[in-house]
Amino acid sequence: MSDSQATGAPRFPEPDLNLVHVKSPVTGTIVSNDTCLRGKSASFVRHTVIDVGGTPLEGRCRIGQAFGVIAPGADGRGKPHKVRLYSLACASDGENGNGRLIATTTKRVIAEGGPDARDDAHRLFLGVCSNYLCDLQPGDEVKITGPNGKRMLLPIDPSAHDYLFVATGTGIAPFRGMLLELLENSNTPVTSDIHLLMGAPYTTDLIYDDLFVRLAATHPNFHYHTAISREARDDGRRGLYVHDYLAERIEQFAPLLRRARTLVYACGLAGMQCGLFKVLAQHELGAAYFEPKPALASIAPNDWELSAIRRGVRLTDRCLIEVY
Ligand SMILES: Cc1cc2nc3c(=O)[nH]c(=O)nc-3n(C[C@H](O)[C@H](O)[C@H](O)COP(=O)(O)OP(=O)(O)OC[C@H]3O[C@@H](n4cnc5c(N)ncnc54)[C@H](O)[C@@H]3O)c2cc1C
């Protein structure tokens, strides 16, 4: 049987969910909260490590899941702030191998505008929870909940699959944890083919770049690709979004995508998956990963509008996507 005929149906674990509810959050302690960008950037992103030792979350969060953070204080209506979710950025056994330290990748939300999207009042807006979390210092306490989510886990048998991870922004968080779990944390690191495609507006916005460069240098089965959208390339051509990068190198990626054992994961900005779907469909590589609903299926992929793709596809179990 050829590779593409073999069955590639993945099996996923049943993770723990909502062990700690929003109504009775537990207290974690910040261990470190260091910047994790490649250079001096207009964004601010931190690798936030939290000690959850002694709480029901210890050892119970799986990579691919998120946890909740409740900022202190009240919103504009005097109600306690709502919980915000943050993806785990560490392997399932935590940052230190015993499940006690969990980590995430926190980006400060800084914007200009008013409470209404149509309001052009030029006032500084600071996201409540992201700025609270980024401000925290080692030793500070933080209210947390979770774990949440079961749609983007690693399969039960990781070595039975190859992987394409596609990330934009803090969507890199789960892939940091997955790569550490696949390549460095297990007694027998997987020898699967693993590609990470990371998109960022500028080179200085690449998150965990030094870690991925090191992993690529030490694991020949791991390949690290970057797509920089707002910088011209050395030869003067315009920058690339992740889907442009995939399209330009489709001959390199096609053998991986045709393999029945390959899983595609995408995480990051809402809408990022649409360009990927379009490129896959244009090159007849999409069928293993998604099925267009009838309205979309009646249109040739070259004419697919991004807005129609957004709700126009059903994912197969080989395509795992989380966007926010
Ligand atoms: C499953 C999941 C995983 C996630 N993982 C991560 C992660 O790993 N890392 C991460 O950083 N984030 C992650 N997020 C996003 C995170 O949950 C928060 O949404 C994010 O940090 C912003 O929260 P905030 O409280 O800072 O912003 P909020 O205060 O909630 O504001 C959010 C948005 O509201 C708009 N807004 C509201 N009021 C105004 C106003 N007055 N003026 C202008 N704009 C306004 C802004 O556009 C702003 O972006 C994840 C979300 C989900 C659903």
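The coordinates are above.
Here is what the cut-offs are and how they apply
- Numbers given for residues are sequential positions, taken from 1 along each chain in its written order.
- Selection of residues for local features in this predicted model requires a pLDDT of at least 70, selection of side-chain atom pairs for listing and counting requires 80 or more, and totals for whole chains, interfaces and linings are taken over all residues.
- To get the side-chain values, take all heavy atoms of the structure and skip hydrogens and water.
- DSSP bridges decide pairing: two strands pair if at least two such bridges lie between them.
- Only DSSP runs of H or I covering at least 4 residues are called helices, and only runs of E covering at least 2 are called strands; the numbering of each starts at the N terminus.
- Inter-axis angles, ranging from 0 to 180 degrees, are taken between N-to-C directions of lines fitted to C-alpha atoms, where helices are fitted over the stretch in contact.
- Any pair of residues with heavy atoms lying within 4.5 Å of one another is described as a contacting pair.
- Any pair of nitrogen or oxygen atoms within 3.5 Å is treated as a polar contact; in protein, a donor-acceptor pairing is required on top of that, and neighbouring residues in sequence qualify only through side-chain atoms on both sides.

Peer 1: Would you take a moment to explain the sheet that holds strand S10 (residues 194–200) for this structure?
Peer 2: Sheets are built from strands that pair by backbone hydrogen bonding, the pairs being arranged parallel or antiparallel. A sheet is described by the order of its strands in space; here 5 strands give the open sequence S11-S10-S9-S12-S15, paired in parallel fashion. The outermost strands of the open sheet, each flanked by one partner alone, are strand S11 (222–228) and strand S15 (319–323). This sheet shows a mean twist of 10° between the axes of neighbouring strands, independent of strand direction. With 7 bridges connecting them, S10 and S11 associate as parallel partners. By the bridge assignment for S11, Ala 200 is matched with Ile 228. Sitting on the sheet, helix H3 (residues 209–218) touches S10 and S11, and the angle it makes with S11 is about 140°. Here helix H6 (residues 272–282) sits on the sheet and contacts strand S9 (162–168), strand S12 (262–268) and S15; the angle it forms with S15, its principal contact strand, is near 150°.

Peer 1: Explain the side chain of Gln 65 here, please?
Peer 2: The topology assignment puts Gln 65 in the loop between strand S2 (45–51) and strand S3 (66–70). Polar contacts involving the side chain of Gln 65 include one to the main-chain amide nitrogen of Arg 62, which spans 2.9 Å. Those residues in contact with Gln 65, other than ones at most four positions away along the chain, are Pro 15, Asp 16, Leu 17, Arg 60, Ser 87, Leu 88, Pro 147, Asn 148, Gly 149 and Leu 153.

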